[in-house]
Amino acid sequence: MRLCVLPVSGLALLALSFNVAANGKYDDYGFVGGSATVGESVFSNDGAKGGVEPNIFYNGEYGFIDGSLLNYSVLPWVGISGQWRFAEVSNDFDDIPNGIHDRDGNGELGLTIGTVGARLTYLHDVTNEHNGYEVKLHLGRAFDTPFEPFTLSPYVEVDYRDAKLSNHLYSVSTNESRASGLDAFDSGSTWVYKSGLIGIYDISDEFIGLTKLELEHHDNDSPLVRQDLGWQFSIGAAYTF
């Protein structure tokens, strides 16, 4: 079993992505916990791998935290956002081909328009790792179910990655090609499509159970993209506050 700080989303990104329900259940609401995971990255073709990941979420008057994304509201519907992009192509998280260098993570700052459940976010590298940017459209909503303690939250996300970020993640240099046997590749801009379903079960006033299924597709012809569809399933628990 391998320990990963964030996949996802995928990933990645942890993306616990639900909107505020009509009854205001998720106003001024947060949780922190952890989950056991199993899944397969688009960058690996060695079968499903197990691991663990944190679950972090908060939605309040002055912003939100959704996995690694932090947003501080400076105006209604407008906030300053930041996140650390964890390595997606790395032997720390996936079994990438021999001869391919790890793509290091980087810090990003930008702007979010919208809410935690319906938002458009622009993030730019501020650590001089690749000097690229990404634009994310994210839509998610929590729905009550006939089984009262249980809430379901589907979400979809479309990410645009510019040529600099995509080149950092997907390109294969001549030296890497020679060492790995993969074809050399220069990447242009890329689209990434994500979707998922999150289940939240109210165990008590202070604890919840969490289950999540995540899917993602990278629209890129890089030889580093070994699978058309990456997936991850997780189950865990969290303390609410």
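See the structure above.
Since the model is a prediction, treat every value here as computed from it, not as a measurement. (Residues numbered from 1 in each chain as written. Predicted model: local features only at pLDDT ≥ 70, side-chain atom pairs only at ≥ 80, totals over all residues. Heavy atoms only, no water.)

How should I be thinking about the pattern of salt bridges in this particular structure?
Any two side chains of opposite charge can pair, on the condition that their charged atoms come close. Taken as a whole, this structure holds 12 salt bridges when the rule is applied. A salt bridge links Glu 134 to Arg 161, with the nearest nitrogen and oxygen atoms 2.9 Å apart. Taken as a pair, Glu 134 in strand β9 (residues 133-140) and Arg 161 in strand β11 (residues 150-161) lie far apart in primary sequence, 27 residues in all. Across the pair, exposure class does not vary: Glu 134 and Arg 161 are buried alike. One salt bridge connects Glu 157 with Lys 194, and the closest N-O pair in it is separated by 4.0 Å. Residue Glu 157 is found in strand β11, and its partner Lys 194 is found in strand β12 (residues 190-202); the two are separated by 37 residues along the sequence. Residues joined in a network through salt bridges with shared partners are Arg 85, Glu 88, Glu 108, Glu 134, Lys 136 and Arg 161. (Salt bridge = Lys/Arg side-chain N within 4 Å of Asp/Glu carboxyl O. Helix = DSSP H or I, 4+ residues; strand = E, 2+ residues; numbered from the N terminus. Buried < 20%, exposed > 50% of the residue type's maximum accessible area, 1.4 Å probe, protein only.)

What's the story with helix α1 (residues 163-170) in this structure? I'm lost.
An α-helical turn contains 3.6 residues, so a residue and the one three or four places further along point in the same direction. Buried within α1 we find Leu 165, Ser 166, His 168, Leu 169 and Tyr 170. For α1, the angular spread of the buried residues around the axis is 165 degrees, confining them to a single face. (Arc of directions from axis to C-beta.)

What should I look at first to understand unusual backbone geometry in this one?
We note that Trp 77 has phi near 75 degrees; this positive angle belongs to a residue other than glycine. Examined against the element boundaries, Trp 77 turns out to sit in the loop between β5 (69-75) and β6 (78-85). Its identity as a non-glycine residue notwithstanding, Asn 131 has a phi of 60 degrees, on the positive side. Looking at where Asn 131 falls in the secondary structure, it is placed in the loop between β8 (118-125) and β9.

I would appreciate a short explanation of the side chain of His 130 in the present structure.
Within the element layout of this structure, His 130 appears in the loop between β8 and β9. A polar contact of 3.1 Å, which involves the side chain of His 130, links it to the side chain of Asn 106. Within the local environment of His 130, its side chain forms a polar contact with the backbone nitrogen of Gly 132, the two atoms lying 2.8 Å apart. (Polar contact = N/O pair within 3.5 Å; in protein donor to acceptor, adjacent residues only side chain to side chain.)

I'm lost on the nonpolar core in this one. Help?
Among soluble globular proteins, nonpolar side chains are generally buried collectively. In terms of nonpolar packing, the biggest core is built from 15 residues, with Tyr 29, Phe 31, Ile 200, Ile 208 and Leu 210 touching the most fellow members. For this core, the secondary structure elements donating two or more residues are β2 (29-40), β12 and β13 (207-219). Core analysis: the next-biggest nonpolar cluster, separate from the first, contains 14 residues, Val 42, Leu 165, Tyr 170 and Leu 224 among them. (Core = buried A, V, L, I, M, F, W, Y, C linked by side-chain atoms within 4.5 Å.)

Explain the pairing of β2 here, please?
Along a regular strand, successive side chains alternate from one face of the sheet to the other. The pairing of β2 with strand β3 (residues 49-60) spans 11 bridges and is antiparallel. Note on β3: the bridge partner recorded for Gly 33 is Asn 55. Pairing between β2 and strand β14 (residues 230-240): 10 bridges, direction antiparallel. Counterpart to Ser 35 in the pairing with β14 is Gly 236. (Pairing = 2+ DSSP bridges.)

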